[in-house]
Amino acid sequence: LQSYYEEKDGIESLGTFQRITAQQYRALREKGGPQALPSMCVLTIKRDENLMPLRAKSRIVVLGNHEERVWSKADKFAPVLRFDSLRFLTSLAVEKRRRLKQGDCKNAFCQGELPPEELTIIRPPPGDPDATKDEYWVLKKTLYGLRRSPRHWFLKIDGILKSMGLQPNRHDPCLYSGFLRDPSDPSAPISTVPITLGLYVDDFVYFSESDEVERRFERLLESSVKVDFMGPVEWFLGIHFTWHATPSSLKVHLHQTGFAANLVERHGMHIKAPTPGATPYRAGFPIDSIAVESKLDPDSPAMRARREKYQSIVGGIGWLVNCTRPDLAPVHTFLASYSNMPSQGHLNAA
């Protein structure tokens, strides 16, 4: 209940919705207003870098699948930072001997402006201890679950960053760089040292060669959106950053130890003796020469169970490849080639 009040108080402080009565709702309906959408409270557990439970989290979500409006893919699209861009940004920071810093925009999807032509009415989540029987909420801003919420949030944060002098990279619209300016004071000087930022929905990492530029960026962004700055990045998008600094150098190690250990344990491999010196090329499985079982029935229960397990393992390896383990790319390519009809040999190899 405490986490629910934290969520509700947070979106109320942003002016996300306005309460109306059933009579006011009927009046809006008579004027052509939309039918009220149901909502719900989603309860989750936030986890740390080792996938261990950290704290309870509540999220008030609109059941957007009941929305009567029809949107195209372009109407709903919102880009996110590519993982190769994150690695590039990290290497650039290390080259300049600067640590990446991290920030988190709080209640991001509740900060996107909802235009008048997208009037949306919802019912409070079932079980809300403070909601009356005939209470409705008219949304002034977007809320989680609406189909256009990601797009509205991206347009807002993109506009804020551009007003501060940052421009998106032409190869990745969520990788920004530029010289800072104060949008509220055109006479203020523009920074002489650039700042670079990577944005993934409401999480972002950034760095500049100047401490003053970083502090100025934090002040400017904080004046536009509700945001937490968390200092040097340690845990971002499921990746753990371990920094090693000496007077003459700066190094960082990116790893997904928690995810890898969870993947191994989930498939029962943690009970086997580890071989620290082994690689995919020394594991005893020349994957490209494993025999293919051509007489397998693709619809048999045994084949379906094997396929599901195999695809789960290969998908997990693919996630590691995409984020922090490009050295596994060749073996992942071989394994992925047999995702539809894996033999027992392929499953053993995975």
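Look a little higher up for the structure.
The paragraphs below set out a description of the structure included in this document. (Residues numbered from 1 in each chain as written. Predicted model: local features only at pLDDT ≥ 70, side-chain atom pairs only at ≥ 80, totals over all residues. Heavy atoms only, no water.)

### Description of the nonpolar core
As a rule of thumb, soluble globular proteins bury nonpolar side chains together.
(1) Moving on: Core analysis: the biggest nonpolar cluster contains 58 residues, and L100, F204, F217, L221 and F241 have the highest contact counts within it.
(2) Moving on: Beyond its immediate stretch of four places on either side in the chain, F241 contacts L86, T90, L100, V233, E234, F236, V252, H253 and L254.
(3) Moving on: Counting 13 residues, the second largest nonpolar core, distinct from the first, contains V321, L335, Y338 and A349. (Core = buried A, V, L, I, M, F, W, Y, C linked by side-chain atoms within 4.5 Å. Buried < 20%, exposed > 50% of the residue type's maximum accessible area, 1.4 Å probe, protein only. Contact = heavy atoms within 4.5 Å.)

### Concerning the sheet that holds strand β11 (residues 227-232)
(1) Moving on: Within the open sheet, the 6 strands sit side by side as β7-β8-β9-β10-β4-β11. Their pairing is antiparallel. Among the strands making up the open sheet, the edge pair consists of β7 (166-169) and β11. With strand direction ignored, the average angle separating the axes of adjacent strands in the sheet is 25 degrees.
(2) Moving on: In terms of strand pairing, strand β8 (residues 172-178) meets strand β9 (residues 195-200) through 4 bridges, oriented antiparallel. (Pairing = 2+ DSSP bridges. Helix = DSSP H or I, 4+ residues; strand = E, 2+ residues; numbered from the N terminus. Axes fitted to C-alpha atoms, helices over the stretch in contact; angles between N-to-C directions.)

### A short note on the side chain of H255
(1) Moving on: Note on placement: H255 falls in strand β14 (residues 249-255).
(2) Moving on: There is a polar contact of 2.7 Å between the side chain of H255 and the side chain of T257. (Polar contact = N/O pair within 3.5 Å; in protein donor to acceptor, adjacent residues only side chain to side chain.)

### Some remarks on unusual backbone geometry
When glycine is set aside, most residues are seen to have a negative phi, and most peptide bonds are trans.
(1) Moving on: Here the phi dihedral of N107 falls at roughly 50 degrees; this positive angle occurs in a residue that is not glycine.
(2) Moving on: Structurally, the position occupied by N107 is in the loop between β4 (101-105) and β5 (121-122).
(3) Moving on: Backbone geometry places L237, a non-glycine residue, at a positive phi of 55 degrees.
(4) Moving on: Along the chain, L237 turns up in the loop between β12 (235-236) and β13 (239-246).

### Concerning the sheet that holds strand β6 (residues 136-139)
In any sheet, the strands associate via hydrogen bonds between backbone groups, in a parallel or an antiparallel arrangement.
(1) Moving on: Pairing within the open sheet is antiparallel, and its 3 strands lie in the order β1-β6-β5. Lying at the two open borders of the sheet, with one neighbouring strand each, are β1 (17-20) and β5.
(2) Moving on: Bridging between β1 and β6 involves 4 bridges; their strand directions are antiparallel. Each bridged residue has a counterpart across the sheet, and for Q18 the counterpart in β6 is V138.
(3) Moving on: Here helix α2 (residues 22-30) sits on the sheet in contact with β1, β5 and β6, set at roughly 105 degrees to β1.

### Focus on the packing of aromatic side chains
(1) Moving on: For the coordinates displayed, the defined rule picks out 12 aromatic pairs.
(2) Moving on: Ring geometry for F17 versus W137: centroids 4.0 Å apart, planes at 10 degrees, classification stacked. Taken together, the residues F17 in strand β1 and W137 in strand β6 connect sequence positions 120 residues apart. For the residue pair F17 and W137, the accessibility class agrees, reading buried in each case.
(3) Moving on: Note on Y206 and F217: the rings are 5.0 Å apart at their centroids and 50 degrees apart in plane angle, and the pair reads as tilted. Within this pair, whereas Y206 is found in strand β10 (residues 203-208), its partner F217 is found in helix α6 (residues 211-222), the two being separated by 11 residues in sequence.
(4) Moving on: Among the aromatic residues, ring-to-ring pairing joins F204, Y206, F217 and F229 into one connected group.
(5) Moving on: The cationic tip of R59 hangs over the ring face of Y144; the distance from NZ or CZ to the ring centre is 4.1 Å. (Phe/Tyr/Trp six-rings, centres within 6.5 Å; stacked < 30°, edge-to-face > 60°. Lys NZ or Arg CZ within 6 Å of the ring centre and 35° of its normal.)

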